[in-house]
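Below are the chains, spelled out letter by letter.
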Amino acid sequence: GAGVSQTPSNKVTEKGKYVELRCDPISGHTALYWYRQSLGQGPEFLIYFQGTGAADDSGLPNDRFFAVRPEGSVSTLKIQRTERGDSAVYLCASSRTTGGEQYFGPGTRLTVT
Amino acid sequence: AQTVTQSQPEMSVQEAETVTLSCTYDTSENNYYLFWYKQPPSRQMILVIRQEAYKQQNATENRFSVNFQKAAKSFSLKISDSQLGDTAMYFCAFMKHGNNNDMRFGAGTRLTVKP
């Protein structure tokens, strides 16, 4: 089937604005992960969902970041009052079960001007 | 906390030659997984190879193999018969076994395969 998809591919926003980034996992995958990859760095864990619930949100940098997965499939990462330091590639991954191989999407490049 | 260190920011290799990318990690866990991911300019992270810590045998996938030294906490990737399509960023990653399944990545090594 199709792989993990993420929309938009690129997003440019002004400082202080609100953005939503969407992730469509592979069908049937119960686990979903968000990572942030800053320029020249490896991905950094943000949050992990098992089904509809956030099993681990310890990587979210502050309360401006929030993610949901209301029906256990599509997830949305929401960033309020964006700052220039939020500029990065946001990667989503899914796995069939917790601890299984993670399949990554192509990411959303967020640029905050 | 687990940390993953890749000490080679950039590497290059001639086509058809062999190259080894280094990775060390720090953990107090006994059960865990180690991974090498490839990230071409398309940004898509692609799993290259995976190693379970409880397995002494080094994982192999076609031209890719690892040298896993658990006591030394070392996990290097060897690419044999390098191909132009191997040009990419390579990330080493660590994941604890159990319910906490976030992966910890190194900073990456940019590999260039030269014709």
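One numbering rule holds for all chains: residues counted from 1, following each sequence as written. Here every chain gets a letter starting at A, and every ligand a number starting at 1, in the order they are written. Per-residue local features of the predicted model are confined to residues with pLDDT of at least 70, and side-chain atom pairs are confined, for both listing and counting, to 80 or more; whole-chain, interface and lining totals are unaffected and use all residues. Computation of side-chain values: all heavy atoms of the structure, hydrogens and water removed.

> Explain the state of the cysteines residue by residue, including any values.
Residue and element names in this part refer to chain B. A pair of cysteine sulfur atoms is labelled a disulfide when the two atoms are within 2.5 Å. What the rule picks out here adds up to two disulfides over all chains. In this model, cysteine 23 is linked to cysteine 92 through a disulfide, with the two sulfur atoms separated by 2.0 Å. Judged by the torsion about the S-S bond (-70°), the cysteine 23/cysteine 92 disulfide is left-handed. Placement of cysteine 23 in the loop between strand E3 (19-21) and strand E4 (24-26) and of cysteine 92 in strand E10 (residues 88-96) is noted, with a sequence separation of 69 residues between them. In this structure, cysteine 23 and cysteine 92 share a single accessibility class: buried. Numbering of helices and strands starts at the N terminus; helices are DSSP runs of H or I of at least 4 residues and strands are runs of E of at least 2. Burial status follows relative accessibility: with a 1.4 Å probe on protein chains alone, a residue under 20% of its type maximum counts as buried, one over 50% as exposed, and anything between as partly exposed.

> Go over the interface of chain B and chain A with me, naming the residues and quoting the values.
Frequently, the measure chosen for interface size is the accessible area removed from exposure when the parts meet. Between chain B and chain A, the residue contacts involve 19 residues of the former and 25 residues of the latter. The buried area of a pairing is the accessible area, by a 1.4 Å probe, that goes missing from both parts when the two are put together, added over both. In this assembly, chain B packs against chain A so that about 1700 Å² is buried in total across both faces, 50% of it on carbon and sulfur atoms. Here a salt bridge means any side-chain nitrogen of Lys or Arg lying within 4 Å of a carboxyl oxygen belonging to Asp or Glu. Run the count over chain B and chain A and you get zero salt bridges. Under the rule applied, a polar contact is a pair of N or O atoms within 3.5 Å (in protein, one hydrogen donor and one hydrogen acceptor; residues adjacent in sequence only if both atoms are side-chain atoms). Summed over the shared surface of chain B and chain A, the number is seven residue pairs in polar contact (both at pLDDT 80 or more). Should any heavy atoms of two residues lie within 4.5 Å, those residues are considered in contact.

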